[in-house]
Amino acid sequence: MPDYHRRSIEIIRAEQFDGAYAASMSFSQYGYSWLRDGAWIAHGMDAAGQADSARAFHQWAARTLLRYSGKVDALLDKLARGETLHESDYLPTRFELDGRIGQEDWPDFQLDGYGAWLWGLVQHVNKHDDRALWDEACPAVSLLVRYLAALWPSPNYDCWEEHRQQVHPATLAALYGGLTAVRTLAPELVPVGLPEAIRVFVLAHGVAADGHFMKFLGNANVDASLLWLALPYRLVEVDDPRFLKTLDKIEHDIHRAGGGVYRYRADTYFGGGEWLLLTLWLAWARLELGQVDEARRLVAWVESQAGPDGAMPEQVAGHLLAPEYYDQWVQKWGTSASPLLWSHGMYLWLTSLLKERSE
Ligand code: BGC
């Protein structure tokens, strides 16, 4: 059996370039760095004692974002003049590994990754008391806060890069988490009351009639990314009744008994497989609720899905929700991503939490 912990570190390091983490170099579409994935890969590496790797990522992200400060200023000017924004006015969701904006068409207007990065950066700075990194990153942080303050109520693609016209509680939770984290280090950067306004909005509009959080406003299904509302972004605590109801519904609707977690019931991407990183997220929730054995079972399932070389895929196809879609994705883009660095990052994070519990 491979040493999954060691392999995760090796795999992540092998696909880190000048700070940027590729999502998955071997998959045709993922040779880019996403802030959403990167924030979690860095968090996992930090938990595994690989602070230099995490720090290099945060430095890369900060300098990459600053390259586009003119773009943000132009967008804010347009908004101030009441002009209509175009898709190309927004910051992208992923960057080339050298920080350029890619030329390929992609559903770019997604805000959650920026919240994730702000949250992750603050965790790293606090863990290492790395004021030098914070000072270096502050101009980028300030830029993003201005960007998010202007755009948070706008519909934008969700974390799965879908549903451009909808407003997603998981995205808003990431913004809430990122902004509250920044406020602990630099209160002057965050407009007074902004995180609270986001929270109030989610609680007023993002809860279905029977009390669970919903995939997007007007769609009462669950999505596994709703776990983010508590973990880590703490828009509510894990024992909040609305979160517990969401968790029950996730278990019932999108967790295969004895197996992994799907993104959402209607998923057709690569036939809608079980996602390793989401299974680890569910393990995290179980752990927080004191259900350590269940958390261990979920982590063991993830390990059992790794390849012989320890590579952890994005998703596995053994029990697809929509098998009729599988072949067309493979024909379009080749087999789905493996290894996916985000899966490995989450694995490092969960195993560090489990280790803490057993000490
Ligand atoms: C997922 C995103 C992810 C990207 C890179 C997409 O398929 O929907 O959440 O950031 O892959 O891993």
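This text follows the structure it describes.
Just so it is clear, the model here is predicted, and its values are computed rather than measured.

Things to note about the overall build of the protein chain
Part 1 of the reasoning: Counting its secondary structure elements, the protein chain contains 13 helices and six strands.
Part 2 of the reasoning: Over its C-alpha trace the protein chain gives a radius of gyration of 19 Å, about what one expects of a compact globule, namely 21 Å for 359 residues.
Part 3 of the reasoning: Principal-axis analysis of the C-alpha atoms gives the protein chain an extent of 55 × 45 × 45 Å.
Part 4 of the reasoning: With 359 residues in all, the protein chain has 59% of them scored as buried.
Part 5 of the reasoning: When contacts within the protein chain are restricted to residue pairs at least 6 apart in sequence, those whose partners lie at least 24 apart make up 71%.
Part 6 of the reasoning: Working note: accessible area of the protein chain is about 13,800 Å², and carbon and sulfur atoms make up 51% of it.
Part 7 of the reasoning: When the 32 positive and 47 negative side-chain charges of the protein chain are each reduced to one mean point, those points stand 2 Å apart.

Focus on empty space enclosed by the protein
The probe, sized like a water molecule, is rolled over the atoms to show the empty space still left.
Part 1 of the reasoning: Under the criterion given, the structure shown has two cavities of 30 Å³ or more.
Part 2 of the reasoning: Considering only enclosed or pocket space, the largest cavity measures out at about 50 Å³ in volume.
Part 3 of the reasoning: Forming the boundary of the largest cavity are Asp158, Cys159, Trp160, His168, Ala170, Thr171, Lys215, Asp223 and Ser225.
Part 4 of the reasoning: Within the lining of the largest cavity, the residues separate by chemical class into three nonpolar, three polar and three charged.
Part 5 of the reasoning: Its volume calculated, the second largest cavity comes out at about 30 Å³.
Part 6 of the reasoning: Forming the boundary of the second largest cavity are Leu35, Arg36, Thr93, Gly113 and Tyr114.

Some thoughts on the site of the ligand
Part 1 of the reasoning: The environment of the ligand is made up of 13 residues, and the closest members are Tyr30, Arg36, Asp37, Cys159 and Trp160.
Part 2 of the reasoning: Contact between the ligand and Arg36: an oxygen atom at 2.7 Å from a side-chain N or O atom of the residue.
Part 3 of the reasoning: At a separation of 2.6 Å, an oxygen atom of the ligand approaches a polar side-chain atom of Asp37.
Part 4 of the reasoning: Surface burial for the ligand is 98%, taken as the share of its 310 Å² of free accessible area covered by protein chains.
Part 5 of the reasoning: Mapping the ligand onto the cavity grids shows that it belongs to the largest pocket.

Some details on unusual backbone geometry
Part 1 of the reasoning: The amide bond that connects Leu231 to the next residue, Pro232, takes the cis arrangement and shows omega of 10°.
Part 2 of the reasoning: Note on placement: Pro232 falls in the loop between α8 (194–205) and α9 (241–254).
Part 3 of the reasoning: Put simply, Ser338 and Pro339 share a cis peptide bond, and its omega is -5°.
Part 4 of the reasoning: Although it is not a glycine, His163 adopts a positive phi angle of roughly 60°.

Notes on the pattern of salt bridges
Part 1 of the reasoning: Evaluation of the coordinates by the stated rule reveals 25 salt bridges.
Part 2 of the reasoning: Ionic pairing is found between Glu10 and Arg6, a salt bridge with its closest N-O pair at 2.5 Å. Taken together, the positions of Glu10 and Arg6, both in helix α1 (residues 4–14) and four residues apart, correspond to about one turn of that helix.
Part 3 of the reasoning: You can call Arg6 partly exposed: its relative accessible area is 44%.
Part 4 of the reasoning: Given the relative accessible area of 33%, Glu10 is considered partly exposed.
Part 5 of the reasoning: One salt-bridge network, in which partners are shared between bridges, spans Arg6, Arg7 and Glu10.

A short note on the packing of helix α2 (residues 35–47) against helix α13 (residues 341–358)
Part 1 of the reasoning: It is the contact of α2 with α13, at a shortest axis distance of 7 Å, that shows an interaxial angle of 35°. In the packing of α2 onto α13, the handedness of the crossing is left-handed. Facing α2, whose interface residues are Arg36, Asp37, Trp40, Ile41, His43, Gly44, Met45 and Ala47, α13 presents Leu341, Trp342, Gly345, Met346, Leu348, Trp349 and Ser352.
Part 2 of the reasoning: Within the contact of α2 with α13, the residues separate by chemical class into nine nonpolar, four polar and two charged.

Brief notes about the environment of Leu287
Part 1 of the reasoning: Here Leu287 is to be found in helix α10 (residues 276–288).
Part 2 of the reasoning: Excluding residues within four positions of it along the chain, Leu287 makes contact with Val292, Ala295, Leu350, Leu353, Leu354 and Arg357.

With respect to the packing of aromatic side chains
Part 1 of the reasoning: The full count for this structure, using the stated rule, is 31 aromatic pairs.
Part 2 of the reasoning: Their ring planes at 70° and their centres at 5.8 Å tell us that Trp40 and Trp284 sit as a pair that is edge-to-face. With Trp40 in helix α2 and Trp284 in helix α10, the pair connects residues that are 244 residues apart, well separated along the chain.
Part 3 of the reasoning: Classification of Trp40 as buried rests on a relative accessible area of 2%.
Part 4 of the reasoning: Among the residues examined, Trp284 registers a relative accessible area of 5% and is labelled buried.
Part 5 of the reasoning: The cationic tip of Arg94 hangs over the ring face of Tyr32; the distance from NZ or CZ to the ring centre is 3.5 Å.
Part 6 of the reasoning: Across from the ring centre of Tyr264, 3.7 Å away, lies the NZ or CZ of Lys215, which sits over that ring.

Regarding the nonpolar core
Part 1 of the reasoning: Membership of the largest hydrophobic core comes to 131 residues, with the highest contact counts inside it found for Trp40, Trp117, Trp134, Tyr147, Trp281 and Met346.
Part 2 of the reasoning: Broken down by element, this core gets its largest block of residues, 12 residues, from helix α6 (residues 131–151).
Part 3 of the reasoning: The contact partners of Tyr147, leaving out residues within four places of it in the chain, are Val72, Leu75, Tyr90, Leu91, Phe109, Leu111 and Tyr114.

About the thresholds
Residues numbered from 1 in each chain as written. Predicted model: local features only at pLDDT ≥ 70, side-chain atom pairs only at ≥ 80, totals over all residues. Heavy atoms only, no water. Helix = DSSP H or I, 4+ residues; strand = E, 2+ residues; numbered from the N terminus. Rg over C-alpha atoms; globule rule 2.2 N^0.38 Å. Buried < 20%, exposed > 50% of the residue type's maximum accessible area, 1.4 Å probe, protein only. Contact = heavy atoms within 4.5 Å. Areas by Shrake-Rupley, 256 points an atom, 1.4 Å probe, with all protein chains shown as cover. Lys, Arg positive; Asp, Glu negative; His and termini not counted. Charge placed at Lys NZ, Arg CZ, Asp CG, Glu CD. 1 Å grid on protein atoms, 1.4 Å probe; cavity = no way out; pocket = protein on both sides within 12 Å on 5 of 7 lines; lining within 4 Å. Points joined across faces, edges and corners; volume = space filled by probe spheres on them. Nonpolar A, V, L, I, M, F, W, Y, C, P; charged D, E, K, R; others polar. Near = heavy atom within 4 Å. Polar contact = N/O pair within 3.5 Å; in protein donor to acceptor, adjacent residues only side chain to side chain. Sits in = over half its atoms within 2 Å of the grid points. Salt bridge = Lys/Arg side-chain N within 4 Å of Asp/Glu carboxyl O. Axes fitted to C-alpha atoms, helices over the stretch in contact; angles between N-to-C directions. Left-handed = near helix turned anticlockwise from the far one by under 90°. Phe/Tyr/Trp six-rings, centres within 6.5 Å; stacked < 30°, edge-to-face > 60°. Lys NZ or Arg CZ within 6 Å of the ring centre and 35° of its normal. Core = buried A, V, L, I, M, F, W, Y, C linked by side-chain atoms within 4.5 Å.

From the geometry alone we can't say anything about function, so treat these as descriptive.
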